[in-house]
Amino acid sequence: GILFDSKTEAEYYKVLEKDDSIHDIELQPEYQIIKPYKVVCSRCKGLGKLLNVRTSNYNQCRVCKGQGVKLKPGAKYTADFKVLYKDGTYEVIDVKGGPVTRDFPLRVKLLESKSGQEVIVVRYKNKEWKRG
């Protein structure tokens, strides 16, 4: 009854379920790796208004709504699993069945630097699970 992103991820979930040392498995945990931030509006150059050349009046900038700054969403990283063990420790696990996306290494490094927790990347190779 669980929808996984890949067959490999579903297969590894079955491995985790059989592990007696595991207390809980959280699916698709999301981590904020870059907080939302503000930038100066490039359209109005931070003024919050633009000169209307037809009327010679200043109009409120529609992009930043007169604020002079725009709020950017930051960035999130979604792992495949967060595994909580019975001894109170936990692991963040990402299962890879093929090539990684171009931004994956950077997102992992950002999460690790913020949390101090290593992200465990798991692959299925030569008929066995490899953690690295």
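Note: the structure precedes this text.
On a predicted model such as this, the values are computed, not experimentally measured, just so you know.

A.B. asks: Would you take a moment to explain the nonpolar core for this structure?
C.D. replies: Core analysis: the largest hydrophobic core is formed by 14 residues, its most contacted members being Tyr12, Leu16, Phe81, Val83 and Ile93. When residues of this core are assigned to their parent elements, the largest contribution, 4 residues, is made by helix H1 (residues 7-18). Ranked by size, the runner-up nonpolar core spans 11 residues in total, among them Ala79, Val92, Phe104 and Val121.

A.B. asks: Would you explain the pattern of salt bridges in this entry?
C.D. replies: In a structure, side chains of opposite charge can pair up when their charged atoms sit close to one another. On inspection of all chains with the given rule, the structure shows 6 salt bridges. Between Glu91 and Arg131 there is a salt bridge; the shortest N-O distance is 2.5 Å. Note that Glu91 is positioned in strand E9 (residues 90-96) and Arg131 in strand E11 (residues 128-131), a separation of 40 residues in sequence. Overall, Glu91 belongs to the buried group, its relative accessible area being 15%. Residue Glu128 is joined to Lys130 by a salt bridge in which the shortest nitrogen-to-oxygen separation is 3.0 Å. For Glu128, a relative accessible area of 40% translates into the label partly exposed. Here Lys130 falls in the partly exposed class, since its relative accessible area comes to 37%.

A.B. asks: Where do I start with the layout of surface pockets in this structure?
C.D. replies: Which parts of space are left empty comes out when a probe the size of a water molecule is rolled across the atoms. In this structure, the largest pocket spans a volume of roughly 210 Å³. Forming the walls of the largest pocket are 13 residues, and the residues nearest its centre are Asp5, Thr78, Asp80, Asp94 and Lys96. Elements that contribute at least two residues to the lining of the largest pocket include exactly strand E7 (75-78), E9 and helix H2 (104-115). At 3 residues, E9 tops the list of elements feeding residues into the lining of the largest pocket.

Conventions used here
Residues numbered from 1 in each chain as written. Predicted model: local features only at pLDDT ≥ 70, side-chain atom pairs only at ≥ 80, totals over all residues. Heavy atoms only, no water. Core = buried A, V, L, I, M, F, W, Y, C linked by side-chain atoms within 4.5 Å. Buried < 20%, exposed > 50% of the residue type's maximum accessible area, 1.4 Å probe, protein only. Helix = DSSP H or I, 4+ residues; strand = E, 2+ residues; numbered from the N terminus. Salt bridge = Lys/Arg side-chain N within 4 Å of Asp/Glu carboxyl O. 1 Å grid on protein atoms, 1.4 Å probe; cavity = no way out; pocket = protein on both sides within 12 Å on 5 of 7 lines; lining within 4 Å. Points joined across faces, edges and corners; volume = space filled by probe spheres on them.

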